[in-house]
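For reference, the chains in residue letters:
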Amino acid sequence: MADTPVEIKKTKVNIDGQDVEVEAGSVIIQAAKKAGVYVPHFCYHEGLSIVGQCRMCFVEVEGQRKLATACSTPVAEGMKIKTNSEAVKAGQNGTLEFILLNHPLDCPICDRGGECKLQDYTLEYGPPRSRMVDDKVLRDKHRHISDQIVLDQERCILCTRCTRFSSEVDGRAELVVNERGNASHIDVFEGHPLKSPYSGNVVDLCPVGALTAQDFRFEARPWELKKHEAICTNCSGGCNIEIHTKHRHPGIVRPDKQSPRPEIKRLMPRENLEVNEWWMCDKGRWGYHYHNEDENRIQQPMIRKSTGLTAVSLKEWTLELENAGDWEFWIDGNFPHEGIAWVKELAKSWKERNRKVEINPSTHGEKFLKVWSKFIAESPWGAGPAKWHGIQEVVCSKSYRELEGIAPILSLRLGQRVRKGQLKWTVVADPLSVPASPEKAFLIDVPRSKEALEQLEKFSTKSNLLILWRQANSRGLVNEGIAPTELLGDGGTSTKNVFLFAQKTKNDISQGLNAKINLAKKLFVANSFFDKAWKEKVHGVLPLTPLYETRATLTNVEGHRQLSQGIHLYHPNTPAINRGTEEMINPSLRLI
């Protein structure tokens, strides 16, 4: 359904002598941001409701007797605002002194040290020394409120970002403010531990060190980390993230004598309002540890001999492919577009050398591609990214909470609208039995059975339809005209040689693909890490650059095609076959 243009009313205000035009109804802190003026704040966040309780964002408005909070004061036509007057500075100074009355001075051992708003603001806006002479109030420290989240109540400044996320964004209301007045403190509701699959976001939101992640606790200091823009690969959501890596000093020799490699210390969400807003799920956040397992990393070509998998030269490796017979190329749903292009090029090259090659061969898959081609031609979401503006109802076989196991961030975004009454969520066993309309969106399971595919074929090709793919680039495979491996059932036979192209993520390869692997005449694998599904069966192994260490393009479940920049920080002496380059596949491998 085409979006109807809406006229946006504007309001002109003056901030520190600079005229700026903003959307009517904006608050001062938003107007200041547009004018390039930074207003310090603790409790304000674009993704949360406005409460105006930290009082750090004081500004002076001409004509008003008292200082105003920039986060909760709407702009008005002709309003004149000062963010750096003496009165504002005095207000900010007093706010910080009040916050610091009982705040512990443990910055040297606090995980937030170096990226703490309270630390930074105290230096820039706060008092030069404390006038506190009484003992500070002591509260509960370093208490685990879940397997991953640690609470330090003494450090808390009661900005309530975490409680608002828990109630407004997540909807579970697991974090609350207990007691009143100076006894107020953040805690879990009635002592129940956090169960939310999005709990890591409260660590990002906390402006101080009151909430920390066990996974990152005492692992590194922020100034030791390098940040890299990337796309999360642990489900089909395609969350925009930052990879934070710590690097061994080049002068320190590794035990295996290899050059220093970057070690991932944490993943953090990166703002993208169309995909993941400001959030990411715990599965993705803490699903990177496989990347640091150097003992499982594939370093060079290997062939199975009588003594087991043995490292060989690329030339010797290619000799194993000669006169092997017919081939099936299987591209896993976590393989990026750059890898798909390589496989297509490889298949073309092999066919020119009289090798019989098929890519993801499946009768069911071919039928799906034929049916889906009509949706690509006519369906708004078959052809491009999902547009949720104007959608009033979602029809699905699962509740939005059940959807968390498939597409967590999509569930989080839509769940907020459901709880606000902006979206109706209809659960039916058979979503495609409901008549289509422009105001409805249909979320359906991957059509693995013949019956499901027949029903999809009969459904309106002009509907807003989304298939709930589970792997990072399954939607990308469809766009490339290749049937995703997720379509495979558990059965199937294969007497051909199988060449599997898969990139290791926390996502396992599909169950149907496992069946193909087990029935292969000979199995060759191109991957970055050893995988338990094929490790004992494989005949030949070819190393690829790990997915988080290279530029890779992925298309998420909603159809957004996104580029992951990757880490790109291999030492120059790293073997070329395993070095991060502009493409995942080294040119030397194109000739195998």
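Nothing here was measured: the structure is a model prediction, and the numbers come from that model.

Q: Quick question: what am I supposed to make of the sheet that holds strand E12 (residues 240–247) here?
A: Pairing between sheet strands relies on hydrogen bonds along the backbone, with the strands arranged either parallel or antiparallel. Strands sit in the order E11-E12-E13 across an open sheet of 3 strands; the sheet is antiparallel. Each edge of the open sheet is held by one strand with a lone partner, namely strand E11 (226–231) and strand E13 (262–269). On average, adjacent strands in this sheet sit at an angle of 30° to one another, irrespective of strand direction. Alignment of E11 against E12, held across 6 bridges, turns out to be antiparallel. The residue of E12 that forms the bridge with His228 is Ile243.

Q: So what exactly am I meant to see when it comes to unusual backbone geometry here?
A: What is expected of a backbone is that most residues other than glycine have negative phi and most peptide bonds are trans. We note that Glu190 has phi near 50°; this positive angle belongs to a residue other than glycine. Summarising the element assignment, Glu190 is placed in the loop between strand E9 (185–188) and helix H5 (201–205). The residue Glu277 is not glycine, and still its phi comes out positive at about 55°. By the element assignment, Glu277 lies in the loop between E13 and helix H6 (282–285). Look at Glu277 and you get buried, because its relative accessible area is 18%.

Q: Whenever I open this one, helix H3 (residues 117–125) confuses me. Can you help?
A: One turn of the α-helix equals 3.6 residues, which is why residues spaced by three or four share an orientation. Listed in full, the buried residues belonging to H3 are Leu118, Tyr121 and Tyr125. Projected down its long axis, H3 carries its buried residues within an arc of 65°, all on one side. In H3, the exposed positions that point more than 90 degrees away from the buried face belong to Leu123 and Glu124. Elements that come into contact with the buried residues of H3 comprise helix H2 (86–100).

Q: Help me understand the packing of aromatic side chains, please; the structure alone is not making it clear to me.
A: Any aromatic ring pair is given by two values, namely how distant the centres are and how the planes are angled relative to each other. One pass over the full model with this rule turns up 25 aromatic pairs. Here the aromatic rings of Phe499 and Phe501 are separated by 4.4 Å at their centres, their planes lie at 10°, and the arrangement is stacked. The pair Phe499 / Phe501 is uniform in exposure class, with both members buried. An aromatic cluster is built from Trp317, Trp327, Phe329, Phe335, Trp342, Trp350, Phe499, Phe501 and Phe524, whose rings are joined through pairwise contacts. Its guanidinium or amino end placed over the ring of Phe216, Arg266 lies 4.3 Å from that ring's centre, counting from NZ or CZ.

Q: What's the story with the nonpolar core in this structure? I'm lost.
A: In a soluble, globular protein the nonpolar side chains are often hidden away together inside. Phe42, Leu118, Ile241 and Trp279 are the most contacted members of the largest nonpolar core, which totals 52 residues. Beyond its immediate chain neighbours, meaning those up to four positions away, Ile241 contacts His228, Glu229, Ala230, Ile231, Cys232, Leu267, Met268, Pro269, Arg270, Met280 and Tyr548. Membership of the second largest hydrophobic core comes to 25 residues, among which are Ile340, Trp342, Ala347 and Ile482.

Q: Looking at this model, I keep getting lost on the sheet that holds strand E20 (residues 440–444). Mind explaining?
A: Across the sheet, which stays open at both edges, the 4 strands sit in the order E19-E18-E20-E21 with parallel pairing between neighbours. The sheet is open, and its two borders are formed by strand E19 (424–427) and strand E21 (464–467), each paired with just one other strand. Going across the sheet, the axis of each strand differs from the next one's by a mean of 20°, ignoring polarity. In terms of strand pairing, strand E18 (residues 393–396) meets E19 through 4 bridges, oriented parallel. Its bridge partner being in E19, Val394 is matched across the sheet by Trp425.

Q: What am I meant to see in the packing of H2 against H3 here?
A: For the pair H2 and H3, the least separation of the axes is 10 Å and the interaxial angle reads 135°. In terms of axis orientation, H2 runs oblique to H3. Here the hand of the crossing between H2 and H3 comes out left-handed. The residues of H3 that touch H2, namely those facing Gln92, Asn93, Leu96, Ile99 and Leu100, are Leu118, Tyr121, Thr122 and Tyr125. Of the residues in the contact of H2 with H3, the class split is 6 nonpolar, 3 polar and no charged.

Parameters at a glance
Residues numbered from 1 in each chain as written. Predicted model: local features only at pLDDT ≥ 70, side-chain atom pairs only at ≥ 80, totals over all residues. Heavy atoms only, no water. Pairing = 2+ DSSP bridges. Helix = DSSP H or I, 4+ residues; strand = E, 2+ residues; numbered from the N terminus. Axes fitted to C-alpha atoms, helices over the stretch in contact; angles between N-to-C directions. Buried < 20%, exposed > 50% of the residue type's maximum accessible area, 1.4 Å probe, protein only. Arc of directions from axis to C-beta. Contact = heavy atoms within 4.5 Å. Phe/Tyr/Trp six-rings, centres within 6.5 Å; stacked < 30°, edge-to-face > 60°. Lys NZ or Arg CZ within 6 Å of the ring centre and 35° of its normal. Core = buried A, V, L, I, M, F, W, Y, C linked by side-chain atoms within 4.5 Å. Parallel < 35°, antiparallel > 145°, perpendicular 65-115°, else oblique. Left-handed = near helix turned anticlockwise from the far one by under 90°. Nonpolar A, V, L, I, M, F, W, Y, C, P; charged D, E, K, R; others polar.

These values are about where atoms sit, not about what they do.
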